[in-house]
Amino acid sequence: MASPAFGQAENEAPVIDPTLLSQNPGTFEDLNKKTKDLYPIIFEGFKFTLNKVLSTHFQINHNIVMSSVVPSGYKFGATYVGLNQISASEVYPIVLGDMDSNGNLNTNIIHQFHPKVRTRVVAQIADGVLAGYQMTNDYKGENFTASVTAVNTDIIQNSGVLIGHYLQRVSKNLDLGCELLVQYGRNVPNNRMALYSVGWRYFGNMWQFSGVLNPLGSLHLCYHHQSKSPIQFGVELETNLRTMDSTSSFSYQVDLNKANMTFKGMIDSNWTTGAVLEKRLLPLPFTFVLSGFLNHVKANYKFGIGFTIG
């Protein structure tokens, strides 16, 4: 019989989130990822996506958007996946990007140069000018992850943003970490300013509770719960202890595998409600999406229809 994974007793119920079984806690920026992933991606108008797989390593997609909220138009996207397979779900390098009809380009490059070092580069070109970029390097130890991110670094103007992350698995069910953000440049008071935050994640077999706190009074709490049923939900609270302003939200996801359907919904304390229904029309490679958003107080309503092939 195989021995239980790290952090799991021999007679203990299986963990719903298998990523928590690893001794490595992951990155600091993913502390609240499980809760964030429950939120529906709401859109307005109509969107059409055509995905075409050209080979095992290369695929392209065509996107058409018609909306009164975001710019309408056409986008072409491409994704390349390399030959360096680290695990069943990790293959490097990964190069993906998209370009609209005006020539605006967004690109993302991910590569693992060393078994413990992963590099990510994100860049955006608008109107023929480099509008922004950032580079992140993650070092994964046995029970910790350290990350350094440089955002819009300009050596000539001596400006930019540096962000450092550290997350440590201190016990079987507890992760602790910190973040240090340094911004420098001529437009920054005293040419330099820094801000730090502390974060944590405490988890069990079917739930996890995470949060981030900084000395300016900003507190961000997340709770995610998932059982063996097709329903999972999350609760999020964002508050400022100085101004005493708070916003809370509740989100959930229902996976109906027999019906090939996924439903995501959310509601927050500002009386905003949103939902997305995704129906896979198997055995055909078609996916039909319905999106809805409403706020009765502000009389704001958005509805969208999407169709994906491939």
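Note that the structure is predicted; figures quoted are calculated from it, not measured. (Residues numbered from 1 in each chain as written. Predicted model: local features only at pLDDT ≥ 70, side-chain atom pairs only at ≥ 80, totals over all residues. Heavy atoms only, no water.)

### Some points on unusual backbone geometry
A cis amide bond, omega -5°, links Y92 with the succeeding residue P93. Within the secondary structure, P93 is located in strand β4 (residues 90-100). For the bond from L282 to P283, the omega torsion is 5°, close enough to zero to count as cis. The residue N191 is not glycine, and still its phi comes out positive at about 65°. (Helix = DSSP H or I, 4+ residues; strand = E, 2+ residues; numbered from the N terminus.)

### Examining the environment of R192
Relative to the elements of secondary structure, R192 occurs in strand β11 (residues 192-203). What makes R192 exposed here is its relative accessible area of 53%. Through-space distance from the C-alpha of R192 to that of P230 is 49 Å; in sequence the pair is 38 residues apart. Setting aside its immediate chain neighbours within four residues, R192 contacts V182, Q183 and Y184. (Buried < 20%, exposed > 50% of the residue type's maximum accessible area, 1.4 Å probe, protein only. Contact = heavy atoms within 4.5 Å.)

### A word on the pairing of strand β12 (residues 207-213)
As defined by bridge partners, β11 adjoins β12 across 6 bridges and the pair is classed as antiparallel. Bridging from a neighbouring strand, V198 pairs with L213 of β12. Counting the residues that bridge the hairpin from β11 to β12 gives 3 residues. Summarising the sheet, β12 and strand β13 (residues 218-226) pair through 7 bridges and their orientation is antiparallel. Paired with Q208 across the bridge in β13 is H224. (Pairing = 2+ DSSP bridges.)

### Quick word on the packing of aromatic side chains
Following the criterion strictly, the structure yields 11 aromatic pairs and no others. Measuring from centroid to centroid gives 6.1 Å for Y139 and F144, while their planes differ by 35°, and the two rings are tilted. Judged by its relative accessible area of 22%, F144 falls in the partly exposed class. Through a chain of ring-to-ring contacts, three or more aromatic side chains come together here, namely Y202, W207, Y223, F233, F250, Y252 and F263. Across the ring face of F43, the terminal group of K47 is positioned such that the distance to the ring centre comes to 4.3 Å. (Phe/Tyr/Trp six-rings, centres within 6.5 Å; stacked < 30°, edge-to-face > 60°. Lys NZ or Arg CZ within 6 Å of the ring centre and 35° of its normal.)

### Thoughts on the side chain of E236
Tracing the backbone through its elements, the reader meets E236 in strand β14 (residues 231-240). Within the structure, the side chain of E236 is placed 2.6 Å from the side chain of K36, a separation counted as a polar contact. At 2.4 Å, the side chain of E236 and the side chain of H220 are in polar contact. Residues within four places of E236 in sequence aside, it is in contact with K36, Y39, H220, L221, C222, T247, S248 and S249. (Polar contact = N/O pair within 3.5 Å; in protein donor to acceptor, adjacent residues only side chain to side chain.)

### Details of the layout of surface pockets
A probe matching the size of a water molecule, rolled over the atoms, marks out where space remains unfilled. Empty space within the second largest pocket amounts to approximately 620 Å³. Taken together, 25 residues form the lining of the second largest pocket, with K47, V65, V70, P71 and K75 sitting closest to its centre. Elements with a contribution of two residues or more to the lining of the second largest pocket: β1 (45-53), β2 (58-66), β3 (73-87) and β4. No other element matches the 4 residues that β1 contributes to the lining of the second largest pocket. Residues that form the lining of the second largest pocket fall into these classes: 12 nonpolar, 7 polar and 6 charged. (1 Å grid on protein atoms, 1.4 Å probe; cavity = no way out; pocket = protein on both sides within 12 Å on 5 of 7 lines; lining within 4 Å. Points joined across faces, edges and corners; volume = space filled by probe spheres on them. Nonpolar A, V, L, I, M, F, W, Y, C, P; charged D, E, K, R; others polar.)

### Observations concerning the side chain of R120
As for its placement among the helices and strands, R120 is situated in strand β6 (residues 117-126). With a relative accessible area of 18%, R120 lands in the buried category. A polar atom in the side chain of R120 sits 2.9 Å from the side chain of E29. Apart from residues no more than four positions distant in its own chain, R120 is found in contact with E29, I109, I110, Q134, M135, T136 and D138.

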